[in-house]
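Examination of the molecular architecture
What follows is each chain in one-letter form.
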Amino acid sequence: MPAQPKVVIIGAGIVGCALSEELTARGWTDVTVLEQGPLFAAGGSSSHAPGLVFQTNASKTMTEFASYTVGKYSSLSLDGQWCFRQVGGLEVATTAERLAELKRKHGLATSWGVESALLEPEQCAALHALLDPSRVLGGFHVPTDGLAKSVRAGEAQALRAIDRGARFLPRHTVTGIESANGRVTGVATDHGVFAADLVVSCAGFWGPAIGKLAGVSVPLLPLAHQYAKTTPVPALAGVNPEALEATKPILRHQDRDLYYREHGDRIGIGSYAHRPMPVDLDAITHPSQGAPLMPSMLPFTEEDFEQPWADSKALLPALAGAKVEEGFNGIFSFTTDGFPLMGESPELRGFWLAEAVWVTHSAGVAKAMAEWLIEGTPRTDVHECDVNRFEPMQLAPAYVHQRASQNFIEVYDIIHPLQPMEEPRPLRLSPFHARQRELGAYFLEASGWERPHWYQANSALPEVADIPGRGAWASRYWSAIAGAEALATRERVAMFDMTALKRLQVTGPGALGFLQRLTTNQLDKPVGSVTYTLLLDETGGVRSDLTVARVAHEEFQIGANGNLDLDWFTRHLGSDGSVHVRDITAGTCCLGVWGPRARDLVQPLTDTDFSHKGFGYFKAKQTHLGHVPVTAMRLSYVGELGWELYTTADMGAKLWDTLWEAGQELGVIAAGRSAFNSMRLEKGYRSWGTDMTAEHNPYEAGLGFAVRMDKGDFLGREALVGVSEETVARRLTCLLIDDPRAVVMGKEPVYVEGVPAGYVTSAAYGYSVGASVAYAWLPRTAAVAGTKVAVEYFGELLSATVAEEPLFDPQMARIRR
């Protein structure tokens, strides 16, 4: 690609404008923005967006995107007019459940560095005089939230880009995406073809139509969302100068799926309190086809607004003297998991997406996209947003429609961190599923797989009586049975379904060299070796952690984290055909057999030597257990003796039955993911995507042992030169919460000497150590055993202490016996 590539951006909404500014600010000035409508109220979601920007999100990444958007738009103006008004954001609770949720949200804001406060009802009314304090139990206030004028902010950024050389072309309808040899070469329009080295689709809800032209999946669903304005409200007469529009905080009444903002002496009301209204793009007239100025604004369905209007008058009594003067159903984009679609399509090289992005996150997304395009890696972790995150079944139109519609319904709901979507399920079933149902498995979902979290059949285990209770929030999607399963695993032997783990096969004469270049550890080992290693990006950030088994001279089986790993490997394949990468997950399955009696279970089933001497730790063998061919790997993510046993999907049920039958006299149980997570934390084993991401390097994450700087060059090596555990500024740290019944869930802020200094990643009760365990990012100076800290949990500070890790079996005696 040339040093100054030709970039074509499709769409001049807020995202396209922001991206053009971010690219040109970094020196990429050969940028063309094509817009099918007029500039800059082009007729998409940005044109009608009411502009409320609430920054706090359960996702650190999304909060960072919103905070950058606030900072950038606050600095913009257009013809002397504001682009962002920092009026603050206020969320109120009218139920005890919502009040607790606001306390949790205050913790999230603190974790992500957003200033916020919890308020009493009278304080809420003092900020927003239209509120009836008698209907409010409390509030959550972020003073830096506010209102964005999306069209104005878009134009202000576009003008900056134009000054640097970018061009914006209105009323250019895209009619095709041109390509050659699997790479984009241009964009065809009704005014001709525009050559391109890179194309970025920022088309908003039109994204699927653009994707169709390119042969690219854009898994989003356009949905209509109600917005109304009242007649003048007497209580607002003369309050808001015309140029300011609003002086009171933007307001959320999430118990009724509503939000509010001022429009001078009127109130604007947005409602999610209606049925999902999916929009057929084919039924919308394009601006080029004589559409009205705002094709994204559909007729208002008054019947859907009757209850929201009644709820609004109850919360804001001053509305009693007003009426709904006007309204519309505005189209915008929803995805299956609530995150944007960012990154390069796997189906067409050079074709990038920045779709399903709301005004709230627009500048932050644009910044990350510009970094990604120019530098090769965004400086913000974007794994939640990467378009390559989806499994194939998650791209099915029916799946996208159903899940995105449900996300609309739940947009303001109180969602537990473990709470799965209920439909469509089940989708992916392991070969063990029927047996698990017979044992009363309680299933949650992982990448579409039904995954047991505990088994009702274990309710009679004597260990159940010894499991301590926990708070109401942590008790959801949990059972004391899980604790009994963990203890039984430590005492006897258990079978864990590991099928949901992504499995890749890398083969060919160039396989070893390929993996050596992409990973940090030494893989040039004999056949039968298994190695824990890392994938890094160019900055040294941890993209993933892997287990790599060399099962033949030119064949490796990889335990990966998800589809992003498959995409990463695929993108780095050479053109000489010496390496092949294949996803073997669907055709295979895996049982983890762990516990002090694991060897007693498997050894009688095979002639292969499973002794410690004959089958060492981190080794692999291909053998048979009974009638079942298996690849056995001596690994343990729970800290006990045992093996991961892989076979083909058709033999999975037979593998389960063989082990289950043989294990009865040993007291074998089936154990679920809840026990697994507790046991891995007792051992200090990391979970990528939760404990560490690409924003962390291996030494910060405590994974320096998986880096071999002396093995030769590998991706990310240069960024690690001179870095060590002694030089890093932060560390992933083990905490023990003083109150053993106080089990936190993750993402809570951690205070050092009374000041927020980090946040929790993973947490669970450690049944074997008898303590509430949490891992957290802390400054290196605080990551010292014995340091006293505090964890904020639902507005309360829980005292905790930094502990040495691992907490359980630090000598590794139980695994290596």
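First things first, this report covers the structure right here in the doc. (Residues numbered from 1 in each chain as written. Predicted model: local features only at pLDDT ≥ 70, side-chain atom pairs only at ≥ 80, totals over all residues. Heavy atoms only, no water.)

By the secondary structure assignment, Ser 772 is in strand S40 (residues 771–779). The buried category is assigned to Ser 772, whose relative accessible area is 1%. Within the structure, Ser 772 has its side chain in polar contact with the backbone oxygen of Ala 742 (distance 2.8 Å). Not counting residues within four places of it along the chain, the set of residues in contact with Ser 772 comprises Leu 735, Leu 736, Ile 737, Asp 739, Pro 740, Ala 742, Val 743, Ala 764 and Tyr 765. (Helix = DSSP H or I, 4+ residues; strand = E, 2+ residues; numbered from the N terminus. Buried < 20%, exposed > 50% of the residue type's maximum accessible area, 1.4 Å probe, protein only. Polar contact = N/O pair within 3.5 Å; in protein donor to acceptor, adjacent residues only side chain to side chain. Contact = heavy atoms within 4.5 Å.)

The sheet built from six strands closes into a barrel, its strands ordered S37-S40-S39-S38-S41-S42 with antiparallel pairing. Neighbour to neighbour, the strand axes of the sheet diverge by 40° on average, direction disregarded. With four bridges connecting them, strand S37 (residues 730–737) and strand S42 (residues 796–803) associate as antiparallel partners. Residue Ile 737 lies in a different strand from S42, and its bridge partner there is Ala 800. (Pairing = 2+ DSSP bridges. Axes fitted to C-alpha atoms, helices over the stretch in contact; angles between N-to-C directions.)

Here we come to the pairing of strand S16 (residues 220–230). Of all eleven residues in S16, ten are buried, a share of seventy percent or more. As paired strands, S16 and strand S21 (residues 324–335) are joined by eleven bridges and run antiparallel to one another. Its bridge partner lying in S21, Tyr 227 is registered against Phe 328. Two strands pair when backbone bridges link them, and S16 and strand S19 (residues 266–271) are joined in this way by four bridges, in the antiparallel orientation. Looking at the pairing, Gln 226 lines up with Ser 271 of S19.

Right, let's get into unusual backbone geometry. Following Glu 423, the chain continues to Pro 424 via a peptide bond in cis, the omega torsion being -10°. Looking at the element boundaries, Pro 424 is found in the loop between helix H10 (397–409) and helix H11 (433–438). The omega torsion across Arg 425 and Pro 426 is -5°, close enough to zero to call that bond cis. With respect to the helices, strands and loops of the structure, Pro 426 is situated in the loop between H10 and H11. Look at Asp 257: it is not a glycine, yet its phi comes out positive at around 60°. Mapped onto the fold, Asp 257 is located in the loop between strand S17 (250–253) and strand S18 (258–263). Taking the relative accessible area as the measure of exposure, Asp 257 reaches 16% and is therefore buried. The backbone of Lys 747 shows a phi angle near 80°, a positive value even though the residue is not glycine.

Axis separation between helix H3 (residues 60–74) and helix H9 (residues 362–375) bottoms out at 6 Å; the angle between their running directions is 105°. As far as their axial angle goes, H9 and H3 are roughly perpendicular. Every residue of H9 that contacts H3 at Phe 65, Tyr 68, Thr 69, Lys 72 and Tyr 73 is listed here: Ser 362, Ala 363, Gly 364, Val 365, Lys 367 and Ala 368. Of the residues assigned to the contact of H3 with H9, the class counts are six nonpolar, three polar and two charged. (Parallel < 35°, antiparallel > 145°, perpendicular 65-115°, else oblique. Nonpolar A, V, L, I, M, F, W, Y, C, P; charged D, E, K, R; others polar.)

In this description, an aromatic ring pair is defined by two values, namely the gap between the centres and the angle between the planes. Tallied over the entire structure, the rule returns 32 aromatic pairs. Centre to centre, the rings of Tyr 259 and Tyr 272 are 6.1 Å apart; their planes meet at 55°, and the pair counts as tilted. Highlighted residues: Tyr 259 in strand S18 and Tyr 272 in the loop between S19 and strand S20 (297–299), separated in sequence by 13 residues. Each member of the pair, Tyr 259 as well as Tyr 272, is classed as buried. Plain terms: the ring middles of Phe 334 and Trp 358 are 5.5 Å apart, the flat faces sit at 75° to each other, and that makes the pair edge-to-face. In this pair, Phe 334 is assigned in strand S21 and Trp 358 in the loop between strand S23 (351–355) and H9, connecting sequence segments 24 residues apart. Trp 358 sits in the partly exposed class, given a relative accessible area of 29%. Here the aromatic residues Tyr 227, Tyr 259, Tyr 272, Phe 328, Phe 332, Phe 334, Trp 358, Phe 408 and Tyr 412 are joined through ring pairs into a cluster of three or more. Geometry around Trp 82 places Arg 152 over its ring, the cationic atom sitting 5.6 Å from the centre. (Phe/Tyr/Trp six-rings, centres within 6.5 Å; stacked < 30°, edge-to-face > 60°. Lys NZ or Arg CZ within 6 Å of the ring centre and 35° of its normal.)

Take the sheet that holds strand S32 (residues 588–594) next. Read from one edge of the open sheet, six strands run S33-S34-S35-S32-S26-S36, paired in mixed fashion. Every interior strand has two partners, whereas the edge strands, strand S33 (620–625) and strand S36 (669–671), have only one. Between one strand and the next, the sheet's axes are offset by a mean angle of 30°, whatever the strand orientation. The pairing of strand S34 (residues 628–633) with strand S35 (residues 642–648) spans three bridges and is classified as antiparallel. Within the sheet, the bridge partner assigned to Thr 631 lies in S35 and is Tyr 646.

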